[in-house]
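# Examining the three-dimensional arrangement
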Amino acid sequence: MLVCDNCELPVDNGPGAEDSQPLCTPCTALSERTPPIHVTPLGREDLELVLAWRSNEQIYRHFRKQDGPLDWDQHISWYDSRPTDRHDFVIHYKDRRVGVISVDTTDEVSIYLGDFSSHGHGVATATLRWLCKRFADRTPLMAEIHEDNESSKRLFERCEFHQEGRDGSWMEYLYEP
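What comes next concerns the included structure. Computed from a prediction, not measured in an experiment: that's the story for all the values here. (Residues numbered from 1 in each chain as written. Predicted model: local features only at pLDDT ≥ 70, side-chain atom pairs only at ≥ 80, totals over all residues. Heavy atoms only, no water.)

As a further point, take a positive patch on the surface. Where like charges cluster on the molecular surface, the positive patch consists of Arg-129, Lys-133, Arg-154 and Arg-158. Listing elements by their share of the positive patch, those giving two or more residues are α5 (123–134) and α6 (150–158). (Patch = residues over 30% accessible without salt bridge, like charges linked within 9 Å, V, L, I, M, F, W, Y side chains within 5 Å. Areas by Shrake-Rupley, 256 points an atom, 1.4 Å probe, with all protein chains shown as cover. Salt bridge = Lys/Arg side-chain N within 4 Å of Asp/Glu carboxyl O. Lys, Arg positive; Asp, Glu negative; His and termini not counted. Charge placed at Lys NZ, Arg CZ, Asp CG, Glu CD. Helix = DSSP H or I, 4+ residues; strand = E, 2+ residues; numbered from the N terminus.)

As C-alpha cells, then:
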C-alpha cells in the first residue's frame, strides 16, 4: 500500500494519479504554500518538545482535560496507549517543529502552536484546513473550545466549523462540509 511521505497515511489520490506520487493531495497543497508547511506523525523523538509545550500554562489553560504541567511518565504512558485510529501530527514550518494537530477516536480535532513565533503566519489555518481535507471521510469533525479562547474560535470559524452547542464554558464546534 502506498503511503504519503509526510503524514504516512494511505494515499488515494483518485483515478489517474501516479502510483509513485510521494504525497497525498492534502499534503501536496500544504507543501506548496510559501513558506511551506508539512506534517509528520508524532514520534518518540517529539515527546520531549511536546511535553514542554503542553506544560506551558499559556497553552494548557485552553485544554479541557489538563489543569497543570504534565509528568514525563504520564506523557509516555499516554503516547504508548494511543488507539490506532487516533492521529497526532507534528506541524513543521520553516524547518522547525512548531505545533501539534490531532484527530481522536471520536473525530474531535485539536491544534496548538507551541512555538509562539509561528503565530500570525497562517500556519494554524493552513494546517487545520489540511486536516479537514485529509480526514474528510470522518466528518463531521468536532472541536471543543473554551469561551475565552477567542483566537481558536476565529481559527475554527475561518476553517468552516460552526458553533453547534455548549457545555458550560466550552463551546462545541462542528465541521460538516
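Attention shifts here to the packing of α5 against α6. Running from amino to carboxyl end, α5 crosses α6 at an angle of 45°, the nearest separation of the two axes being 9 Å. On the basis of the axis angle, α5 is oblique to α6. Handedness of the crossing formed by α5 with α6: right-handed. For the pair formed by α5 and α6, the contact residues are Ala-124, Thr-125, Leu-128 and Arg-129 on the first element and Leu-155, Phe-156 and Arg-158 on the second. (Axes fitted to C-alpha atoms, helices over the stretch in contact; angles between N-to-C directions. Parallel < 35°, antiparallel > 145°, perpendicular 65-115°, else oblique. Left-handed = near helix turned anticlockwise from the far one by under 90°. Contact = heavy atoms within 4.5 Å.)

What follows deals with the layout of surface pockets. Roughly 1,300 Å³ of volume is contained in the largest pocket. When contributions to the lining of the largest pocket are tallied by element, the ones reaching two or more residues are α2 (47–54), α3 (57–60), α4 (72–80), β3 (96–103), β4 (109–113), α5, β5 (141–146) and α6. Per-element tally for the lining of the largest pocket: the top contributor is α6, with six residues. Partitioning the lining of the largest pocket into residue classes produces 21 nonpolar, 17 polar and eleven charged. Together, Cys-7, Glu-8, Leu-9, Pro-41, Leu-42, Arg-82, Pro-83, Thr-84, Arg-86, His-87, Asp-88 and Phe-89 line the second largest pocket. Here the element with the most residues in the lining of the second largest pocket is strand β2 (residues 87–93); it accounts for three residues. Taken together, the residues of the lining of the second largest pocket break down into six nonpolar, two polar and four charged. (1 Å grid on protein atoms, 1.4 Å probe; cavity = no way out; pocket = protein on both sides within 12 Å on 5 of 7 lines; lining within 4 Å. Points joined across faces, edges and corners; volume = space filled by probe spheres on them. Nonpolar A, V, L, I, M, F, W, Y, C, P; charged D, E, K, R; others polar.)

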